[in-house]
Amino acid sequence: MKYAFISDIHGNLEALNQALRLIDVLACDKIICLGDIVGYGPFPNECIEKTRQSVDQIVIGNHDSAAIMKTATTYFNEYAKEAIDWTRKELSAECEAYLESLDLEYLENQFRALHATPNDPEKWNYILTFPDAYKNFGCFSEKICFIGHSHVPAVFKYGSNPSRVLVENGPDVQLSDDYRYIINVGSVGQPRDGDPRASIGVYDDKYESFQLFRVEYDVAATQSAMHKKGLPDFLIQRLEFGK
Ligand code: ZN
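Residues numbered from 1 in each chain as written. Predicted model: local features only at pLDDT ≥ 70, side-chain atom pairs only at ≥ 80, totals over all residues. Heavy atoms only, no water.

**Brief notes about the pairing of strand β12 (residues 209–215)**
Next up, step 1: With five of seven residues buried, β12 lies mostly within the body of the structure.
Next up, step 2: Pairing between strand β9 (residues 172–174) and β12: three bridges, direction antiparallel. When the bridges of β12 are listed, Gln 174 appears paired with Ser 209.
Next up, step 3: Pairing analysis gives seven bridges linking strand β11 (residues 198–204) to β12, with the strands arranged antiparallel. Residue pairing in the sheet places Asp 204 in a bridge with Ser 209 of β12.
Next up, step 4: Following β11, the chain reverses through four residues before pairing antiparallel with β12; Glu 208 in that reversal takes a positive phi of roughly 50°. (Buried < 20%, exposed > 50% of the residue type's maximum accessible area, 1.4 Å probe, protein only. Helix = DSSP H or I, 4+ residues; strand = E, 2+ residues; numbered from the N terminus. Pairing = 2+ DSSP bridges.)

Right under this line is the structure:
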(Lines give C-alpha, C1' and ligand atoms only; values in the text may rest on other atoms or scores of the structure.)
Protein backbone atom coordinates (compact mmCIF):
# COMPACT_ATOMS: atom_id res chain seq x y z
CA MET A 1 0.00 0.00 0.00
CA LYS A 2 1.25 3.45 -0.95
CA TYR A 3 0.32 6.18 1.52
CA ALA A 4 0.56 9.91 0.80
CA PHE A 5 0.93 12.19 3.83
CA ILE A 6 0.11 15.87 3.72
CA SER A 7 0.31 18.29 6.64
CA ASP A 8 0.11 21.97 7.56
CA ILE A 9 -1.92 23.17 4.59
CA HIS A 10 -2.76 26.39 6.43
CA GLY A 11 -5.44 27.73 4.12
CA ASN A 12 -3.16 27.69 1.09
CA LEU A 13 -5.48 26.33 -1.60
CA GLU A 14 -3.01 26.80 -4.48
CA ALA A 15 -0.45 24.66 -2.67
CA LEU A 16 -3.04 22.05 -1.67
CA ASN A 17 -4.31 21.68 -5.24
CA GLN A 18 -0.79 21.12 -6.58
CA ALA A 19 0.00 18.63 -3.80
CA LEU A 20 -3.16 16.64 -4.59
CA ARG A 21 -2.37 16.70 -8.30
CA LEU A 22 1.04 15.20 -7.63
CA ILE A 23 -0.44 12.57 -5.31
CA ASP A 24 -2.79 11.62 -8.12
CA VAL A 25 0.13 11.22 -10.54
CA LEU A 26 1.98 9.11 -7.97
CA ALA A 27 -1.05 6.82 -7.77
CA CYS A 28 -1.17 6.62 -3.97
CA ASP A 29 -3.73 4.25 -2.44
CA LYS A 30 -4.50 6.31 0.61
CA ILE A 31 -4.11 9.97 1.64
CA ILE A 32 -3.62 10.92 5.27
CA CYS A 33 -3.67 14.51 6.50
CA LEU A 34 -1.68 15.30 9.65
CA GLY A 35 -3.57 18.44 10.60
CA ASP A 36 -3.49 22.24 10.41
CA ILE A 37 -5.76 22.68 7.43
CA VAL A 38 -6.36 26.28 8.53
CA GLY A 39 -4.44 29.19 10.07
CA TYR A 40 -2.11 31.70 8.28
CA GLY A 41 -3.62 31.32 4.81
CA PRO A 42 -6.48 32.95 2.89
CA PHE A 43 -8.78 30.00 2.10
CA PRO A 44 -9.71 28.10 5.29
CA ASN A 45 -13.19 26.96 4.21
CA GLU A 46 -12.07 25.98 0.71
CA CYS A 47 -9.12 24.00 2.08
CA ILE A 48 -11.36 22.19 4.56
CA GLU A 49 -13.81 21.27 1.78
CA LYS A 50 -11.06 20.09 -0.56
CA THR A 51 -9.26 18.13 2.17
CA ARG A 52 -12.49 16.54 3.32
CA GLN A 53 -13.25 15.34 -0.21
CA SER A 54 -9.74 14.11 -0.90
CA VAL A 55 -8.27 12.43 2.17
CA ASP A 56 -8.97 9.01 3.68
CA GLN A 57 -7.88 9.87 7.21
CA ILE A 58 -7.18 13.08 9.04
CA VAL A 59 -6.11 14.25 12.49
CA ILE A 60 -6.50 17.66 14.10
CA GLY A 61 -3.67 20.24 14.36
CA ASN A 62 -3.13 23.05 16.85
CA HIS A 63 -4.33 25.77 14.45
CA ASP A 64 -7.47 23.76 13.63
CA SER A 65 -8.05 23.38 17.35
CA ALA A 66 -7.42 27.08 18.02
CA ALA A 67 -9.79 28.03 15.21
CA ILE A 68 -12.65 26.29 17.02
CA MET A 69 -11.59 27.66 20.44
CA LYS A 70 -10.40 24.30 21.77
CA THR A 71 -6.80 25.50 22.12
CA ALA A 72 -5.86 28.92 23.48
CA THR A 73 -3.68 31.17 21.32
CA THR A 74 -1.67 32.41 24.32
CA TYR A 75 1.48 30.74 23.00
CA PHE A 76 0.95 31.74 19.36
CA ASN A 77 3.15 34.50 18.00
CA GLU A 78 1.38 37.75 17.11
CA TYR A 79 1.06 36.90 13.39
CA ALA A 80 -0.29 33.41 14.03
CA LYS A 81 -2.75 34.84 16.53
CA GLU A 82 -3.93 37.56 14.14
CA ALA A 83 -4.43 34.94 11.41
CA ILE A 84 -6.39 32.66 13.77
CA ASP A 85 -8.64 35.54 14.85
CA TRP A 86 -9.31 36.21 11.16
CA THR A 87 -9.87 32.49 10.47
CA ARG A 88 -12.39 32.21 13.32
CA LYS A 89 -14.51 34.92 11.69
CA GLU A 90 -14.25 33.31 8.25
CA LEU A 91 -15.12 29.70 9.10
CA SER A 92 -18.55 28.45 8.09
CA ALA A 93 -20.62 26.56 10.69
CA GLU A 94 -20.22 23.41 8.62
CA CYS A 95 -16.43 23.71 8.53
CA GLU A 96 -16.34 24.39 12.27
CA ALA A 97 -18.37 21.24 12.86
CA TYR A 98 -15.97 19.28 10.66
CA LEU A 99 -12.93 20.47 12.66
CA GLU A 100 -14.83 19.59 15.87
CA SER A 101 -15.20 16.02 14.61
CA LEU A 102 -11.46 15.36 14.12
CA ASP A 103 -9.44 13.04 16.36
CA LEU A 104 -5.92 13.61 17.68
CA GLU A 105 -4.42 10.37 16.38
CA TYR A 106 -4.90 7.76 13.69
CA LEU A 107 -3.47 4.25 13.95
CA GLU A 108 -2.69 1.48 11.48
CA ASN A 109 -0.70 -1.72 12.12
CA GLN A 110 2.68 -0.31 11.22
CA PHE A 111 2.25 3.35 12.01
CA ARG A 112 0.66 6.10 14.01
CA ALA A 113 -0.25 9.49 12.55
CA LEU A 114 -0.65 12.71 14.56
CA HIS A 115 0.14 16.41 14.30
CA ALA A 116 2.68 17.22 17.03
CA THR A 117 4.16 14.60 19.40
CA PRO A 118 3.22 11.04 20.45
CA ASN A 119 3.85 12.12 24.04
CA ASP A 120 0.76 14.08 25.05
CA PRO A 121 -0.24 15.15 21.51
CA GLU A 122 -2.61 17.85 22.71
CA LYS A 123 0.23 19.81 24.32
CA TRP A 124 1.43 20.67 20.79
CA ASN A 125 5.12 20.38 21.62
CA TYR A 126 7.72 20.20 18.85
CA ILE A 127 10.14 17.52 17.69
CA LEU A 128 13.02 19.49 16.20
CA THR A 129 16.13 17.73 17.46
CA PHE A 130 17.15 14.16 18.16
CA PRO A 131 16.78 14.69 21.97
CA ASP A 132 13.17 15.83 21.33
CA ALA A 133 12.59 12.71 19.24
CA TYR A 134 14.36 10.46 21.75
CA LYS A 135 11.90 11.42 24.51
CA ASN A 136 9.03 10.47 22.22
CA PHE A 137 10.09 7.04 20.96
CA GLY A 138 8.90 5.47 24.22
CA CYS A 139 5.43 6.96 23.76
CA PHE A 140 4.28 4.87 20.79
CA SER A 141 4.67 1.19 20.01
CA GLU A 142 4.36 1.16 16.21
CA LYS A 143 7.34 1.11 13.87
CA ILE A 144 6.69 4.63 12.53
CA CYS A 145 5.07 7.79 13.79
CA PHE A 146 4.23 10.34 11.10
CA ILE A 147 4.05 13.97 12.23
CA GLY A 148 3.89 17.55 10.96
CA HIS A 149 3.74 20.76 13.04
CA SER A 150 7.30 22.16 12.65
CA HIS A 151 6.94 22.56 8.85
CA VAL A 152 10.45 21.10 8.49
CA PRO A 153 10.75 17.63 6.94
CA ALA A 154 12.94 15.20 8.88
CA VAL A 155 13.44 11.51 9.50
CA PHE A 156 14.51 10.53 13.02
CA LYS A 157 15.49 6.93 13.53
CA TYR A 158 15.97 5.01 16.74
CA GLY A 159 17.65 1.66 17.19
CA SER A 160 20.71 0.12 18.75
CA ASN A 161 22.75 3.02 17.41
CA PRO A 162 20.45 6.07 17.46
CA SER A 163 21.09 8.64 14.81
CA ARG A 164 19.35 11.49 13.15
CA VAL A 165 18.94 11.88 9.43
CA LEU A 166 17.63 15.08 7.93
CA VAL A 167 15.71 14.64 4.72
CA GLU A 168 17.02 16.79 1.89
CA ASN A 169 15.02 17.43 -1.27
CA GLY A 170 13.46 14.29 -2.63
CA PRO A 171 15.64 11.52 -1.23
CA ASP A 172 14.44 7.98 -0.93
CA VAL A 173 14.82 6.70 2.62
CA GLN A 174 14.98 2.93 2.91
CA LEU A 175 13.44 1.93 6.23
CA SER A 176 15.08 -0.88 8.15
CA ASP A 177 13.68 -3.46 10.56
CA ASP A 178 16.47 -2.51 12.97
CA TYR A 179 14.98 0.91 13.62
CA ARG A 180 11.82 2.72 14.58
CA TYR A 181 11.08 6.09 13.01
CA ILE A 182 9.54 9.49 13.61
CA ILE A 183 8.97 11.09 10.23
CA ASN A 184 8.03 14.71 9.70
CA VAL A 185 6.52 15.11 6.23
CA GLY A 186 6.96 18.90 6.07
CA SER A 187 4.30 21.44 5.15
CA VAL A 188 2.08 21.82 2.10
CA GLY A 189 1.07 25.43 2.63
CA GLN A 190 3.91 27.11 4.54
CA PRO A 191 7.26 25.25 4.30
CA ARG A 192 9.98 26.51 6.65
CA ASP A 193 13.04 24.58 5.51
CA GLY A 194 14.17 27.14 2.96
CA ASP A 195 12.35 25.46 0.07
CA PRO A 196 9.07 27.25 -0.75
CA ARG A 197 7.61 24.30 -2.67
CA ALA A 198 4.80 22.25 -1.10
CA SER A 199 6.03 19.14 0.70
CA ILE A 200 4.44 15.66 0.46
CA GLY A 201 5.59 12.44 2.12
CA VAL A 202 5.00 9.04 0.51
CA TYR A 203 5.34 5.80 2.47
CA ASP A 204 5.23 2.48 0.66
CA ASP A 205 4.79 -0.42 3.09
CA LYS A 206 5.56 -3.01 0.40
CA TYR A 207 9.07 -1.65 -0.22
CA GLU A 208 9.46 -0.11 3.25
CA SER A 209 10.44 3.17 1.64
CA PHE A 210 9.75 6.79 2.47
CA GLN A 211 10.09 9.50 -0.14
CA LEU A 212 9.74 13.23 0.15
CA PHE A 213 8.35 15.06 -2.85
CA ARG A 214 8.27 18.81 -3.46
CA VAL A 215 5.93 20.50 -5.88
CA GLU A 216 5.82 24.10 -7.08
CA TYR A 217 2.66 26.13 -6.79
CA ASP A 218 1.65 29.69 -7.64
CA VAL A 219 3.07 31.43 -4.55
CA ALA A 220 2.20 34.88 -5.95
CA ALA A 221 -1.49 33.92 -6.28
CA THR A 222 -1.65 32.88 -2.62
CA GLN A 223 0.21 36.04 -1.59
CA SER A 224 -2.17 38.26 -3.52
CA ALA A 225 -5.21 36.52 -1.94
CA MET A 226 -3.65 37.02 1.52
CA HIS A 227 -3.04 40.68 0.73
CA LYS A 228 -6.67 41.18 -0.37
CA LYS A 229 -7.91 39.57 2.83
CA GLY A 230 -5.71 41.77 5.02
CA LEU A 231 -3.50 39.02 6.45
CA PRO A 232 -0.15 40.10 8.01
CA ASP A 233 2.69 41.09 5.64
CA PHE A 234 5.16 38.89 7.46
CA LEU A 235 3.06 35.80 6.68
CA ILE A 236 2.69 36.88 3.05
CA GLN A 237 6.41 37.40 2.49
CA ARG A 238 7.69 34.26 4.19
CA LEU A 239 5.94 32.02 1.61
CA GLU A 240 8.34 32.96 -1.20
CA PHE A 241 11.39 32.09 0.93
CA GLY A 242 9.98 28.95 2.52
CA LYS A 243 11.06 30.26 5.93
ZN1 ZN B 1 1.35 24.23 11.20
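**Notes on the packing of helix α1 (residues 13–25) against helix α2 (residues 44–54)**
What describes two packed helices is the angle between their axes and the distance between those same axes.
Next up, step 1: Relative to each other, α1 and α2 sit at 15°, their axes nearing to 10 Å. The angle between α1 and α2 places the two elements in the roughly parallel class. When you trace α1 past α2, the crossing you get is left-handed. In this structure, α1 contributes Leu 13, Leu 16, Asn 17 and Leu 20 to the contact, and α2 contributes Glu 46, Cys 47, Lys 50, Thr 51 and Ser 54. (Axes fitted to C-alpha atoms, helices over the stretch in contact; angles between N-to-C directions. Parallel < 35°, antiparallel > 145°, perpendicular 65-115°, else oblique. Left-handed = near helix turned anticlockwise from the far one by under 90°. Contact = heavy atoms within 4.5 Å.)

**Looking at the packing of helix α7 (residues 219–228) against helix α8 (residues 233–241)**
Next up, step 1: Closest axis-to-axis distance for the α7/α8 pair is 9 Å, and the angle between their directions is 180°. Taken together, α7 and α8 sit at an angle that is classed as roughly antiparallel. Taking contact as the criterion, the partners of Val 219, Thr 222, Gln 223, Met 226 and His 227 in α7 are, on α8, Asp 233, Leu 235, Ile 236, Gln 237, Leu 239 and Glu 240.
Next up, step 2: Of the residues belonging to the contact of α7 with α8, the class tally is five nonpolar, four polar and two charged. (Nonpolar A, V, L, I, M, F, W, Y, C, P; charged D, E, K, R; others polar.)

**Here we look at the coordination of the zinc ion**
Metal coordination angles in their ideal form are 109.5 degrees for the four-donor tetrahedron and 90 or 180 degrees for the six-donor octahedron.
Next up, step 1: Protein coordination at the zinc ion comes from Asp 8 (OD), His 10 (NE2), Asp 36 (OD) and His 151 (NE2), with a distance range of 2.0 to 2.5 Å.
Next up, step 2: For the zinc ion, the donor residues sit on a single chain with the sequence spacing D-x1-H-x25-D-x114-H. On the criterion of sequence distance, the pair formed by Asp 36 in the loop between β2 (30–33) and α2 and His 151 in the loop between β6 (144–147) and β7 (154–158) is long-range, its members being 115 residues apart.
Next up, step 3: Looking at Asp 36, the relative accessible area reads 1%, which means it is buried. (Donors = N, O, S within 2.8 Å, 3.2 Å for Na, K, Ca; no water.)

**Concerning the side chain of Lys 30**
Next up, step 1: Inspection of the secondary structure puts Lys 30 in strand β2.
Next up, step 2: Looking at Lys 30, its side chain comes within polar contact range of the side chain of Glu 108, at 2.5 Å.
Next up, step 3: In this view, Lys 30 contacts Met 1, Lys 2, Tyr 3, Ala 4, Asp 56, Tyr 106 and Glu 108; residues no more than four positions away in its chain are not counted. (Polar contact = N/O pair within 3.5 Å; in protein donor to acceptor, adjacent residues only side chain to side chain.)

**Thoughts on the packing of aromatic side chains**
Next up, step 1: One pass over the structure, following the stated rule, counts 16 aromatic pairs.
Next up, step 2: Note on Tyr 3 and Phe 111: the rings are 4.9 Å apart at their centroids and 85° apart in plane angle, and the pair reads as edge-to-face. Note that Tyr 3 is positioned in strand β1 (residues 2–6) and Phe 111 in strand β5 (residues 111–114), a separation of 108 residues in sequence.
Next up, step 3: Members of the aromatic cluster, connected to one another through ring pairs, are Tyr 3, Phe 5, Tyr 106, Phe 111, Phe 146, Tyr 203 and Phe 210.
Next up, step 4: Lys 157 extends its terminal NZ or CZ atom over the ring of Tyr 179, reaching a point 4.5 Å from the ring centre.
Next up, step 5: The aromatic ring of Phe 140 is capped on one face by Arg 180, whose charged end is 4.5 Å from the ring centroid. (Phe/Tyr/Trp six-rings, centres within 6.5 Å; stacked < 30°, edge-to-face > 60°. Lys NZ or Arg CZ within 6 Å of the ring centre and 35° of its normal.)

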